[in-house]
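Spelled out from the first residue to the last, the chains are:
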Amino acid sequence: MRPKMLTRRAFHQSMLAAVATLALPRAGRAAVGPQADLWLNRLSFGADEASRTAFAALGAEGWLEAQLALPVADAGLDERLAAARLRINYEAGEDENGHKWRATDEMRPLSALTANPADLMRLVDWSQGMNYDERARPAREVIAASLIRAVHAPAQLREVMTQFWHDHFNVNSAKNEFTAAFFASHDATLRQHVFGNFRVMLGEVARSPAMLYYLNNDESRASPANENYARELLELHTLGAGNYLNDRFHHWHEVPGADAGLALGYLDLDVYEVARAFTGWSVGDGRWISEGVEAPRTGQFHYVEAWHDPYQKRILAVEFEGNAAPMADGERVLDILARHPGTASFVCEKIARRLLADAPDPGLVARLAEVFLAAVDAPDQIAQVLRALVLSPEFAATPPGKLRRPFEMLAALYRATGAEVDSPEIAFHWELARAGWYQHEYGPPTGHSDRIEAWTGASTLNRTVDLALYAHEDWFASARIEFSAADGTQGAFAEGWAARLIGDQAAGVLVGAALADLGIDPAVPVGDLSAENRRGVAVAAIALAALTPEFLLR
């Protein structure tokens, strides 16, 4: 009788049946492991052999300081991004103005990542006929690059925090051609300031064309001002919804702190006034300003003084005199918010939730907020907060309980297996969307949820199984990996691939149990397997390990 082999076909049904017990995360189920893996899985997109080696050589604090010191630019990563190609494919067509275009099917470089915004103005000019995929191309290049960066960037902590700030200052790049065309500069802004000063980053985001378009502040002018950006600035970017006190107080002077000159929370009245402060904050996109006046065509921030509401304002009990200097009202609002204790608590709790636990200890959050406020003028303010978090007793004592969300799971999978990511089709983007993750295209301004309950529904777990099983398939077209022939048995071969994700001991137990459950002989020589079946063995073992708490929880 021919020996039974561990193939994906034999394995898939078993995986689906077992996913609830293998993959359903439970608080505290994964024990605290070696310090290297604990740190690397929380502060990078996943431990791999190279990062473990660097961690061992530098020590824990040395590794952290090295990560905080790495610059934005990296020659090796830049070479990868320059070599990457992303397909663009559409049929010939014609728009309503009679502009025609030819069918296109090309592998193009990610040129928008470094393009001058002025050169992208043509993408939002509807007098130039083109398929919409051309207009959306810059955002899709950022999406493609995001996986390359997450897997291969040496500055892993910068990548983790860039993803964090993308959720914090969320922009749906797919809203329209304007958010898409200028999304690369928004990404670059966040990437530049991830460890820097929060007030500086807050100001850069407020002037980001992608953000201005996303929340419609590009059109905001006096009487009436558009409130979208103002509300999200208060609720999501700084003070947080917990400091929205409109259900408790009706007048500004009733809010705690108002009598002392700074309200501790905000009302709808503050939203209206903040909106007035940001009137005139727009984009240089050639738009009509007034009779005979157009905005410059820079693709960058442009202040339209004629649109600004110059009159007196009261925000968080702070009085603003009328007729201030250009942009002074908005800048003062950002100054107040960046130094507000509510902002310190809200932002620090979110950072602790991202890197440590869904419900971080309130005492830890309070200590981080103290660091935030003490360093409010420091150029490395956020780095100081991160250092305080990572070196805290809570960071070392808290067992893995954060679930890897779909994008993180895929990046960690590729890092562990050593796959080469070049994202020629960005099929991963569509597969992640099936699991509820919309990389840089999440619609609401809240950004993706960072709590475990949002990612443990039956549909999401089923799509997570698909990611684990199909991430290394050729049709997935995101990464390349060789499952080369090796001596030994298929059992040892499978254990070797699983061990890359969860370590030798756990892999031996897991693969041995899986082979026994499936009635597969682990002693079959791996040399007897065809290349297809050898790949099947490796992929099945990787998927099995990827769906354990040891891998899914960090």
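Owing to the predicted nature of the structure, the values given are computational and were not obtained by experimental measurement.

A. Focus on the overall build of the protein chain. If you tally the helices and strands in the protein chain, you get 25 helices and 12 strands. Relative to its length of 554 residues, the protein chain is compact, with a C-alpha radius of gyration of 26 Å against a globular reference of 24 Å. Projecting the C-alpha coordinates of the protein chain onto the three principal axes gives extents of approximately 90 × 65 × 40 Å. Residues counted as buried form 56% of the 554 residues belonging to the protein chain. Accessible surface computed for the protein chain: about 22600 Å², of which carbon and sulfur atoms make up 52%.

B. Broad picture of unusual backbone geometry. In this chain, Ser-223 is followed by Pro-224 through a cis amide linkage whose omega measures -5 degrees. When you line up the elements, Pro-224 lands in the loop between α11 (209-214) and α12 (228-237). The residue Ser-223 is not glycine, and still its phi comes out positive at about 55 degrees. As for its placement among the helices and strands, Ser-223 is situated in the loop between α11 and α12. Positive phi outside glycine occurs at Leu-316, with the angle close to 55 degrees.

C. Highlighting the confidence of the model for the protein chain. When pLDDT is averaged along the protein chain, the result is 92; 94% of the residues meet or exceed 70. Note on residues 16-29: pLDDT is under 50 here. Beyond four places in sequence and across chains, it has 23 contacts.

D. Structural view of helix α22 (residues 490-502). Across its 13 residues, α22 extends 18 Å between first and last C-alpha, which sits within 8% of the 18 Å expected from 1.5 Å per residue. Of all the positions in α22, only Gln-490, Gly-491, Phe-493, Ala-494, Trp-497, Ala-498, Ala-499, Leu-501 and Ile-502 are classed as buried. If you follow the buried residues of α22, they end up packed against α19 (406-417), α23 (504-518), α24 (531-546) and α25 (549-552).

E. Broad picture of the pattern of salt bridges. Taken as a whole and judged by the stated rule, the model has 40 salt bridges. For Glu-349, the salt bridge identified is with Arg-353, shortest N-O distance 3.1 Å. Taken as a pair, Glu-349 and Arg-353 lie in helix α15 (residues 341-355) at a separation of four residues, close to a single helical turn. On the basis of relative accessible area, Glu-349 is assigned to the partly exposed category, the value being 30%. Under the relative-accessibility criterion, Arg-353 is labelled buried at 12%. Of the charged contacts, one joins Asp-466 and Arg-434 as a salt bridge, the two residues approaching to 3.6 Å between their closest N and O atoms. Of this pair, Asp-466 sits in helix α21 (residues 458-470) while Arg-434 sits in helix α20 (residues 427-434), and the two are 32 residues apart along the sequence. Since its relative accessible area comes to 8%, Asp-466 is described here as buried. We classify Arg-434 as partly exposed; its relative accessible area is 42%. Through salt bridges with shared partners, a single ionic network connects Asp-167, Arg-354, Asp-358, Lys-402, Arg-405, Glu-408, Asp-450 and Arg-554.

F. Geometry of the pairing of strand β5 (residues 281-285). β5 sits mainly inside the fold: five of its five residues count as buried. Summarising the sheet, β5 and strand β8 (residues 297-303) pair through four bridges and their orientation is antiparallel. Note that in β8 the partner of Trp-281 across the bridge is Tyr-303.

G. Main features of the environment of Leu-58. Mapped onto the elements, Leu-58 comes out in helix α3 (residues 49-58). With a relative accessible area of 46%, Leu-58 lands in the partly exposed category. With residues up to four places along the chain from it excluded, the contact list for Leu-58 reads Trp-63 and Ala-66.

H. View of the packing of aromatic side chains. A full pass over the atoms with the stated rule returns 20 aromatic pairs. Aromatic pair Trp-39 and Phe-395: ring centres 6.0 Å apart, planes at 90 degrees, arrangement edge-to-face. With Trp-39 in helix α2 (residues 35-43) and Phe-395 in helix α18 (residues 393-397), this pair connects stretches of sequence that are 356 residues apart. The class of Trp-39 is buried, set by a relative accessible area of 4%. An angle of 45 degrees between the planes, with centres 5.3 Å apart, marks the rings of Tyr-244 and Tyr-266 as tilted. Placement of the pair is Tyr-244 in the loop between α12 and α13 (268-277) and Tyr-266 in the loop between α12 and α13, with a sequence separation of 22 residues. Residue class for Tyr-244 comes out partly exposed when judged on its relative accessible area of 30%. Feature note: the residues Phe-164, Trp-165, Phe-169, Phe-198 and Phe-372 constitute an aromatic cluster, connected by ring pairs. Positioned above the aromatic ring of Trp-307 is the side chain of Arg-221, whose terminal nitrogen or guanidinium carbon lies 3.8 Å from the ring centre. When the ring centre of Phe-320 is taken as reference, the NZ or CZ atom of Arg-332 above it lies at 4.6 Å.

I. Seen up close, the environment of Pro-256. Within the secondary structure layout, Pro-256 lies in the loop between α12 and α13. Each C-alpha atom of the pair Pro-256 and Tyr-266 lies 9.9 Å from the other, and the pair is 10 residues apart in sequence. Leave out the neighbours within four places in its chain, and Pro-256 touches Leu-245, Phe-249, Leu-262, Ala-263 and Leu-264.

Calculation rules
Residues numbered from 1 in each chain as written. Predicted model: local features only at pLDDT ≥ 70, side-chain atom pairs only at ≥ 80, totals over all residues. Heavy atoms only, no water. Helix = DSSP H or I, 4+ residues; strand = E, 2+ residues; numbered from the N terminus. Rg over C-alpha atoms; globule rule 2.2 N^0.38 Å. Buried < 20%, exposed > 50% of the residue type's maximum accessible area, 1.4 Å probe, protein only. Areas by Shrake-Rupley, 256 points an atom, 1.4 Å probe, with all protein chains shown as cover. pLDDT = per-residue confidence, 0-100. Contact = heavy atoms within 4.5 Å. Expected span 1.5 Å × (residues − 1). Salt bridge = Lys/Arg side-chain N within 4 Å of Asp/Glu carboxyl O. Pairing = 2+ DSSP bridges. Phe/Tyr/Trp six-rings, centres within 6.5 Å; stacked < 30°, edge-to-face > 60°. Lys NZ or Arg CZ within 6 Å of the ring centre and 35° of its normal.

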